[in-house]
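For reference, the chains in residue letters:
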Amino acid sequence: MSKGKIVKVSGPLVVAEGLENVKMYEVVRVGEKKLIGEVLELKDNFASIQVYEETSGVGPGEPVFATGFPLSVELGPGLIGSIFDGIQRPLDIISNNFGDFIARGIDVPALNRVKKWHFTPMLKRGDDVITGDILGEVQETSLVKQKIMVPPGAEGKIIKISEGNFTVEETVVEIKSEKTETVHKISLLQKWPVRKPRLYREKLPPAEMLITGQRVIDTFFPVAKGGSACIPGPFGSGKTVVQHQISKWSDADIIVFVGCGERGNEMADVLLEFPQLKDPKTNEPLIKRTVLIANTSNMPVAARESSVYTGITIAEYFRDMGYTVALMADSTSRWAEALREISGRLEEMPGDEGYPAYLSTRLAEFYERAGCVICSGSDERLGALTIIGSVSPPGGDLSDPVVQATLRIVKVFWSLEDKLAFARHFPAISWLRSYSLYVESFSSYLSKNIAGDFLSYRKTALRILQEEASLEEIVRLVGIEALTPSERLILVTAKSIREDFLHQVAFDPEDTYTPLSVQYSMLKIIILLHNKCEKLLSTGATIDEVASLGVREKIARMKFFKDDALEKFDSLIKEVR
Ligand SMILES: Nc1ncnc2c1ncn2[C@@H]1O[C@H](COP(=O)(O)OP(=O)(O)OP(=O)(O)O)[C@@H](O)[C@H]1O
Ligand SMILES: [Mg+2]
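No experiment lies behind these values; they were computed from the predicted model shown. (Residues numbered from 1 in each chain as written. Chains lettered and ligands numbered in written order. Predicted model: local features only at pLDDT ≥ 70, side-chain atom pairs only at ≥ 80, totals over all residues. Heavy atoms only, no water.)

**Re the overall build of the protein chain**
Worth spelling out the cut-off: Runs of H or I in DSSP of at least four residues are treated as helices and runs of E of at least two as strands, each being numbered from the N terminus. Here the globule rule is a power law, 2.2 Å times the number of residues to the power 0.38, and the radius of gyration is based on C-alpha atoms. A 1.4 Å probe rolled over the protein chains alone gives each residue an accessible area, and that area as a share of the maximum for its type sets the label: buried under 20%, exposed over 50%, partly exposed in between. Contacts were defined at the residue level, with two residues in contact if any of their heavy atoms lie within 4.5 Å. Residue-level accessible areas treat just the shown protein chains as cover; the underlying method is Shrake-Rupley with a 1.4 Å probe. Neither His nor the chain ends contribute to the count of charged residues, in which Lys and Arg are positive and Asp and Glu negative. By convention, charge coordinates are those of NZ in Lys, CZ in Arg, CG in Asp, or CD in Glu.
Assigned secondary structure in the protein chain consists of 16 helices and 26 strands. Its C-alpha radius of gyration of 27 Å places the protein chain within 12% of the 25 Å reference for a compact globule of 577 residues. Relative to its 577 residues, the protein chain shows a buried fraction of 57%. Partitioning the contacts of the protein chain with sequence separation of at least 6, the portion at a separation of at least 24 is 69%. Accessible surface for the protein chain amounts to roughly 24600 Å². Of this, 53% is attributable to carbon and sulfur atoms. Averaging the locations of the 69 positively and 78 negatively charged side chains of the protein chain gives two centres separated by 2 Å.

Now the structure itself:
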C-alpha cells in the first residue's frame, strides 16, 4: 500500500501528498498515531482526508498510509447490545481495557474475536445457494436470532456446513462456485462499506404501521414500517424523549440508536435505562434488541458522519435477515454541521447558511435507505427499515436548510412546538402543523386489525382541533360570549382531546405506552360524548351542563386504566350513550 506525507492539518481535515493510487473514500491511517481517516477529495497529487479522531498534535511531515479499503463495518454476532463509537469501536470494551478515555489510533475490532457462538445450519451439504440465502442461525441474545446469509458473489453448492461453536472468524460454511470452481469460505463475520446501501431484491410501498404506543403518533401521524419521519424542534422540546420512547416501545424487532453530536448524558440515560426496561412482549431487557452508536458532542466532529453511516449499515444488515428495524438518528443537524465544517475547510462553494450544496443529496441518500423490501435470497422474506431523524434548527426555525431538505424527503413530519413544551404539554407535537402521508395507506390495516371507523374518529378529532384554533382567535378578539353553545362545545371537546388523549407522560408507568386498540377506544369515547352533547344542546341543555357532566372525570382518568381497561371502556361507552 502506498505511503504519503502530511502537508497541512486544519482541524479534522488533513491534506497529504504522494499517496499513489489512493481512491475516493478509501480509509487511510494518518500520522505517527495512525489516526483513522477517509479520503474526501483528490486533486493532482494531493488527497484531502477527513479524520475521525482528534488531530491535535499531528503535523506536516508525518506519514499517511493507504489501506486499500473503503470505510466498512463489521457485521456478525455481537452487534446487539453493543455500544460503538462513530467508527464502530466498541466503547464498552475500550473502557474496560483502556480506561474511560479513548486513546487515539487504537485498534480494537468491533466484534469480539474470541467469543464462540453456536451456529445452527438451516441448509445442508449439496444445497445450491444464491446471494442472501440464509445458511444458518446464531441465537445472539434471547430476543434476536442472527441469520447468517450468503454474502454477495458467494453463490454455488454447499460443500461443507456443520453445527457447532465458532468464533466470528472461523469458517462455518464452504460454498463451491459451479462455474469458476472457487471455494468461498464463509465465516460469521462479514464486512460492508458503509457508504454503499446493502442490496435487496425489490422495494415495496410500505403498508404496515410501526406501532409506537404514543397516542399522538399512532392515531394522528403514524409512520410505516419501512417509512421515514423527521422530528424538528427547538432546544428542549422533546426530540430525544420521542426517539427514546419509540426505541423503547415500538413493535420493531431491532432498534439502532445513533446519538450524533448530542450531549453525553442523553446516551448515558439510554445505557442505564435499556438494560432495566423490559420489552412488553417478551419481558426481556430492551438492550437485547438494541445497537447503540454514540458520537457525543465531546467526540470528534467528523465522526458524526461515520456514526450515521455505521448505524444505517448495521440496520440494513438486520433488515436483510427479514426483520423490522427502526433507526433513530439524534440529531441530523449535528451531522449537517459536521458536513458544513468539513466543506468549509475544503473551501467548497457554500450553499444556504454555509451548508454545502450537496447537503440535500446526502440527506436524501440517507433517508432513501429506509424501506420495505423483499430481501436478497431465494425465499420471499420481507424486511423493513424505518428511519426517524431529529433535526435541531437554531431557534426552532423551520425554514432552516436541514429541516427544509429533510421535509422534501420524509413522509412524516412531527413538528415540536416550544409553546406546547413550555406549557408542559408533552409530547409537544403540534397537531396543526404535523402530518403523515401514510394515513390513507393504513386504512385497510386499521379496519382489519382495529376498527373500520378508526380513521373517521381521527378525522373528526383533527377537525375539532382545527376549529378550536380558529375559535380561539375569535375569543381573543371579542370574548367567549361571542360564541354559540355548539362552538363552545368544540372548545370543551378540543380541550378533552388535548388533555385526556394527546398529552402523554413518558415517565409515567401506565401512561408511557398505549396499545393501538386502547387508543382507538379512548378517542372514540371522547368523540361519542361530543356527538351526544351536541344533541343535548339542541334539545335545550346549557353549555355549562354538558361541560360539567360527571363522566368527564372518568374520561380524564382513561389513560391510567390498567389491565381491565377494555371492560372499563365498554362501561364508559354505555354511560356516554
Ligand atoms: N413525553 C414526555 N413526557 C414527559 N416529559 C417530557 C416528554 N417529552 C419531553 N419531556 C420533558 O422535556 C425535557 C426535554 O426533552 P428532550 O431532552 O427530549 O428535548 P430535546 O428536544 O431533545 O432537547 P435538545 O434540543 O436539548 O436535544 C425532558 O427532559 C422532559 O422533562
Ligand atoms: Mg435532544
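Additional details are given in the paragraphs that follow.
**Brief notes about the site of ligand 1**
Put simply, the rule reads: By convention in this text, a residue qualifies as near a molecule or strand provided that one of its non-hydrogen atoms is within 4 Å of it. Polar contacts, as counted here, are pairs of nitrogen or oxygen atoms within 3.5 Å of one another; within protein the pair requires one atom able to donate a hydrogen and one able to accept it, and residues that are adjacent in sequence qualify only if both atoms are side-chain atoms. Residues are grouped as follows: Ala, Val, Leu, Ile, Met, Phe, Trp, Tyr, Cys and Pro are nonpolar; Asp, Glu, Lys and Arg are charged; all remaining types, including Gly, are polar. Note that the domain bounds were set by an automatic or database domain assignment.
Inspection of the region around ligand 1 gives 17 residues, with Gly236, Gly238, Lys239, Thr240 and Val241 positioned closest. Between ligand 1 and the protein, one listed contact pairs an oxygen atom with a side-chain N or O atom of Lys239 at 2.8 Å. In this structure, Glu262 approaches ligand 1 through a side-chain N or O atom, which is 3.1 Å from an oxygen atom. Surface burial for ligand 1 is 81%, taken as the share of its 630 Å² of free accessible area covered by protein chains. Classifying every residue of the shell around ligand 1 gives seven nonpolar, five polar and five charged. Counting contributing residues, the shell around ligand 1 receives three or more from each of domain 2 (78–95 + 200–436) and domain 4 (454–576).

**Some thoughts on the nonpolar core**
Grouped burial of nonpolar side chains is what soluble globular proteins tend to show. For clarity, the cut-off: In plain words, nonpolar cores are sets of buried Ala, Val, Leu, Ile, Met, Phe, Trp, Tyr and Cys residues tied together by side-chain atoms within 4.5 Å.
If you look at the biggest cluster of nonpolar residues, it comprises 81 residues, and the most contacted ones within it are Phe220, Trp414, Ile497 and Met558. Sorting elements by how many residues they give to this core places helix H13 (residues 516–538) first, with twelve residues. The two domains that each donate at least three residues to this core are domain 2 (78–95 + 200–436) and domain 4 (454–576). Contact partners of Trp414, with chain neighbours within four places excluded, come to Ile217, Phe221, Val223, Ala229, Cys230, Ile231, Pro232, Ile246, Ile388, Ile429 and Ser434. Counting 80 residues, the second-largest nonpolar core is a separate cluster that includes Leu79, Tyr309, Leu346 and Val391.

**Re helix H5 (residues 303–320)**
Test applied: In a helix, the anticipated span is given by 1.5 Å times the number of residues less one.
Given a rise of 1.5 Å per residue, 18 residues ought to cover 26 Å, and the 26 Å separating the end C-alpha atoms of H5 matches this to within 8%. Among the 18 residues of H5, 18 are classified as buried, and the element is accordingly described as predominantly covered. One or two positions beyond H5, positive phi appears at Gly322, with a value near 105°.

**Quick word on the packing of aromatic side chains**
What counts is decided by this rule: Stacked, tilted and edge-to-face are the three classes assigned to paired rings of Phe, Tyr and Trp, where Trp is represented by its six-membered ring and a pair needs centres within 6.5 Å; plane angles under 30 degrees give stacked, over 60 edge-to-face, the rest tilted. Put simply, a charge is over a ring when the Lys NZ or the Arg CZ is close to the ring centre, within 6 Å, and near the line of the ring normal, within 35 degrees.
As enumerated under the stated definition, the model contains twelve aromatic pairs in all. Seen in terms of ring centroids, Phe220 and Phe501 are 6.2 Å apart; in terms of plane orientation they differ by 50°. Their pairing is tilted. Residue Phe220 is located in helix H2 (residues 215–220), and its partner Phe501 is located in helix H12 (residues 485–502); the two are separated by 281 residues in the primary sequence. Exposure remark for Phe220: the relative accessible area of 0% places this residue in the buried category. Consider the rings of Trp335 and Phe366, whose centres lie 5.5 Å apart with planes at 75°: the pair is edge-to-face. Taken together, the residues span a long stretch of sequence, with Trp335 in helix H6 (residues 332–345) and Phe366 in helix H7 (residues 359–367) at a distance of 31 residues. Note on accessibility: Trp335 and Phe366 belong to one class, buried. An aromatic cluster is defined as three or more aromatic residues linked by ring pairs; in this entry it consists of Tyr309, Trp335, Phe366 and Tyr367. Residue placement shows Arg195 over the ring face of Tyr309; its charged tip is 4.9 Å from the ring centre.

**Section: the domain arrangement of the protein chain**
What counts is decided by this rule: Summed over both partners, buried area is the accessible surface (1.4 Å probe) that two parts give up on being assembled.
For the protein chain, the assigned domains read domain 1 (3–70), domain 2 (78–95 + 200–436), domain 3 (112–188) and domain 4 (454–576). Between the C-alpha centres of domain 2 and domain 4 the distance comes to 32 Å. Each partner contributes to the interface: domain 2 provides 20 residues, whereas domain 4 provides 24 residues. The contact between domain 2 and domain 4 buries some 2100 Å² in all, and 62% of this surface belongs to carbon and sulfur atoms.

**Side note on the sheet that holds strand E15 (residues 171–176)**
Put simply, the test is: By definition, two strands form a pair when at least two bridges between them are found by DSSP.
Reading across the sheet, the four strands line up as E10-E13-E15-E16 and stay open at both edges, with antiparallel pairing between neighbours. At either margin of the open sheet sits one strand with a lone partner, and together these are strand E10 (128–129) and strand E16 (183–187). When strand E13 (residues 156–161) meets E15, the two strands line up antiparallel, connected through four bridges. Across the sheet, Ile161 pairs through a bridge with Val173, a residue of E15.

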